[in-house]
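# Examining the three-dimensional arrangement
Each chain, written out:
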Amino acid sequence: MLRTSYSQILNASRDFSIAICDPEGMLVAQADHLPIHIGALPWATHAVEEAIKDIQPGDVFLINDPHNGGSHLPDVTAFVPVFAGDRRLFWTIVRAHMSDIGGSTHGGYNPSATDIWQEGIRLPPVRLYEAGRLREDLLRLLELNVRNGRDFLGDLAAMVGAARLGEARLQDLFKEIDVDVILGAVDLILDSAEKHARQVVSTWTDGVFLGEAFLEDDGHGTENIRILAKVTKSGDSVEVDLTGSDEQTRGFVNSSHANMQAAVAMAFAYLLDPQIPKNSGTFRPLSVVAKKGTIVWADDDRPVCFCTSHPANEIVEAIVKALSASCPDRTMAGWCRRFRLAMEGVDPRNGHKFIWHMFHARPGGGASPAGDGWSCGGEWHIVGGAKFGSIEVAEVRFPLHFRKHEFRQDSGGDGEYRGGLGVDLELLIETETPVSVNTAGEGVRYGACGLLGGEAGAPHCYRVLSDDREPRDLPTKAVGIEIRPRDVLEIRSAGGGGWGPPSKRSPKAIQRDIEAGLVDGRIERS
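Report follows, based on the coordinates.

Scoring rules and cut-offs
- Per chain, residues are indexed from 1 in the order of the written sequence.
- In view of the model being predicted, local features appear only for residues whose pLDDT reaches at least 70, and side-chain atom pairs are presented and counted only at 80 or more, with totals across whole chains, interfaces and linings using the full set of residues.
- Here the side-chain values reflect all heavy atoms present in the structure, with hydrogen atoms and water set aside.
- A helix here means a DSSP run of H or I that spans at least four residues, while a strand means a run of E at least two residues long, and both kinds are numbered starting from the N terminus.
- Throughout, radius of gyration means the C-alpha value; the globule benchmark is 2.2 Å times the number of residues raised to the power 0.38.
- The buried label applies to any residue whose accessible area, calculated with a 1.4 Å probe on protein chains only, is under 20% of its type's maximum; exposed applies above 50%, and partly exposed to all values in between.
- Working rule for contacts: check all heavy atoms of both residues, and any pair within 4.5 Å makes them a contact.
- Computed by Shrake-Rupley with a 1.4 Å probe, the accessible areas treat only the displayed protein chains as cover when residues are assessed.
- Here, a strand pair is defined by DSSP locating no fewer than two bridges between the strands.
- Axis definition: a line fitted to C-alpha atoms, over the contacting stretch in the case of helices. Angles run 0 to 180 degrees between N-to-C directions.
- The aromatic pairing rule takes the rings of Phe, Tyr and Trp, using the six-membered ring of Trp, and pairs them if the centres are within 6.5 Å, calling planes under 30 degrees apart stacked, those over 60 edge-to-face and the rest tilted.
- Put simply, a charge is over a ring when the Lys NZ or the Arg CZ is close to the ring centre, within 6 Å, and near the line of the ring normal, within 35 degrees.
- The arc refers to the directions leading from the helix axis to the C-beta atoms.
- The term polar contact refers here to a pair of N or O atoms within 3.5 Å; inside protein, the definition further demands a hydrogen-donor-capable atom paired with an acceptor-capable atom, and it admits residues adjacent in sequence only when both atoms are side-chain atoms.
- Nine residue types can take part in a nonpolar core, namely buried Ala, Val, Leu, Ile, Met, Phe, Trp, Tyr and Cys, and a core is a set of them joined through side-chain atoms within 4.5 Å.

What follows concerns the overall build of the chain. Along the backbone of the chain there are ten helices and 20 strands. On C-alpha atoms alone, the chain measures out to a radius of gyration of 23 Å, which is about the 24 Å that the 2.2 N^0.38 rule sets for 526 residues. Projecting the C-alpha coordinates of the chain onto the three principal axes gives extents of approximately 70 × 60 × 45 Å. Buried residues in the chain amount to 59% of all 526 residues. Counted over contacts in the chain with a minimum sequence separation of 6, partners at least 24 positions apart contribute 73%. Here the chain has roughly 20200 Å² of accessible surface; of this, 49% comes from carbon and sulfur atoms.

Judged by pairing direction, the sheet is mixed, and its four strands sit side by side in the order β8-β9-β10-β11 without closing on themselves. This sheet does not close on itself; its edge strands, each paired only once, are β8 (207-217) and β11 (286-289). On average, each strand axis in the sheet is inclined to that of its neighbour by 20 degrees, with strand direction left out of account. Against the sheet, helix α7 (residues 257-270) makes contact with β10 (237-241) and β11, and its axis sits at roughly 140 degrees relative to β11, the strand it touches most. Lying on the sheet, helix α8 (residues 312-323) is in contact with β8, β9 (223-234) and β10; it crosses β8 at an angle near 150 degrees.

What follows concerns the pairing of strand β3 (residues 60-63). Alternating residues of β3 divide into Val60 and Leu62 and Phe61 and Ile63, and every residue in both groups is buried. Pairing between β3 and strand β6 (residues 126-130): three bridges, direction antiparallel. Paired with Phe61 across the two strands is Arg127, which belongs to β6. Here β3 pairs with strand β4 (residues 75-84) via three bridges, running antiparallel. Across the sheet, the residue bridging to Phe61 is Phe79, located in β4.

Time to look at the packing of aromatic side chains. For the structure shown, the criterion picks out 13 aromatic pairs. When the centroid spacing of 5.1 Å and the interplanar angle of 20 degrees are considered together, the rings of Phe252 and Phe306 count as stacked. With Phe252 in the loop between β10 and α7 and Phe306 in the loop between β11 and α8, this residue pair connects regions lying 54 residues apart in the sequence. Pairing Trp335 with Trp374 gives two aromatic rings, centres 5.7 Å apart and planes at 80 degrees, and the pair type is edge-to-face. On the criterion of sequence distance, the pair formed by Trp335 in the loop between α8 and β12 (339-346) and Trp374 in the loop between β13 (353-357) and α9 (391-397) is long-range, its members being 39 residues apart. Note on Trp374: relative accessible area 51%, which makes it exposed. One aromatic cluster in this structure is built from Tyr270, Trp335, Trp374 and Trp380. Arg164 extends its terminal NZ or CZ atom over the ring of Tyr129, reaching a point 4.2 Å from the ring centre.

Let's shift gears to helix α4 (residues 136-144). If you check which residues of α4 are buried, you get Leu138, Leu139 and Leu142. Projected down its long axis, α4 carries its buried residues within an arc of 100 degrees, all on one side. For α4, the exposed residues set more than 90 degrees away from the buried face come down to Arg140 and Leu144. Close packing links the buried residues of α4 with β3, β6, β7 (133-134) and α5 (149-176).

Along the chain, Arg418 falls in the loop between β14 (400-407) and β15 (423-429). Overall, the relative accessible area of 8% leaves Arg418 in the buried class. One polar contact links Arg418 to Asp513, side chain to side chain, over a distance of 2.8 Å. Residues contacting Arg418, with those up to four places away along its chain left out, are Ala367, Asp372, Gly373, Gly412, Gly413, Gly497, Arg505, Asp513, Leu518 and Val519.

Judged by nonpolar contacts, the single largest core of 54 residues is most densely connected at Trp204, Ile315 and Ile319. Put simply, the parts of the chain that give this core at least two residues each are α6 (179-202), β8, β9, β10, α7 and α8. Counting residues per element, this core draws most heavily on α7, which supplies eleven residues. Core analysis: the next-biggest nonpolar cluster, separate from the first, contains 34 residues, Val76, Ile121, Leu123 and Tyr129 among them.

Turning next to the pairing of β6. The buried fraction of β6 amounts to four of the five residues, a majority that puts the element mostly inside the structure. In this structure, β6 lies alongside β7, joined through two bridges in antiparallel fashion. From the neighbouring strand, Tyr129 faces β7, where its bridge partner is Leu134. Connecting the antiparallel pair β6 and β7 is a turn made up of two residues, with Ala131 showing a positive phi of about 50 degrees.

Listed below in structure tokens is the structure:
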């Protein structure tokens, strides 16, 4: 995927994930990529299995529909069936965020959308290859419905190639080891992961715990949207009940079902031992209760494009807050919220249109009992899996100049362990004509939450600087913002939350931060 995909969102920022599932939808193995992708793949596998009955070697299937096992429309998923003789044993799967998926706005995110049809082309489970033969008509249909057909087709070819490589490697394994031995090993791995997870959970305090988090707004006038997690921990099992969350909204901050399930799985996984493999066995102690028509599980016609970021982050935050009373030594303070932008313009160096997704200026991660949060770590749903990529490569590929990209001093929340720092970024637009920017963001009012006495991180602050205008704030959910040539985007991304009371932070750690310039030594600590 890294070597053959076309779009920088994949080959630089790594916004893709790969996994192996079985025909029952069991997650057998995954690569170390994006949790919000991986947690939804069992539901996508179920959708393919239910829709397609005549699966044969050489087939390739695609899906992206949020209400057919997908998460949001830009995340397209490719499935390759793996056979051993006549027995179909596995799926090799690649999910990748496409840089455009059609719809009313470039880049996939449409804050003005009030229904899902305004967000892009929807793919229920469809067959791209039939017994090894490409369906050219379907490929032309897809190319025609996106703005950057060349990149889309290149990325799709990379996905199919990667999934087929996974199939080939499994075929090599079948030649080396008896298939029944392999299936027995899979069962053993899943059972072992379940046993380990239950051992961890059994050490937590029993009880019913509540946690909540809030979305700032939906872009259409609804504010302070509440996600409520009622978490029941009993013995070696955990139930997460999200039915008390607010109703679905008009805007694109609703969640699809598979995305909600992935967010709950993420929160649970973050509280387990790192060495437990994250597969379906790991999540057997976990059950989820949710209600359709709420912000965490919207009706099929609602827009959901922002859901992999929000409310996914708030679902995780509410669950972790609730369980901080059950297993405080395993919880993390809040990770930052996503404030992304997609830029469309014309590159004066070649006259070609471009779409650029900002993955730079990653915000800070939350602190934990294990130490300070990761600076530039990203958000709950990514936890470092998506990279900001090379500045130099971005400048070569796009008409942009990075005047500054450095840690944002004092952005991490104070605490016994400090939140990770965000970034100060100054980005000069080097086009000859204006560019159009769409934003999809949260976290300008609410910083990443502190936990167990820790302080919240600094919120985002995004502005446009022009020579002949006063600086102006970028709205968090808007389409068609005109940025003129030579304007500068001043991006100050948020910092992670602090963990534990600041009074308990060691003097050595404080002095180290001051000497490194991460905090201002003149600011009085609380």
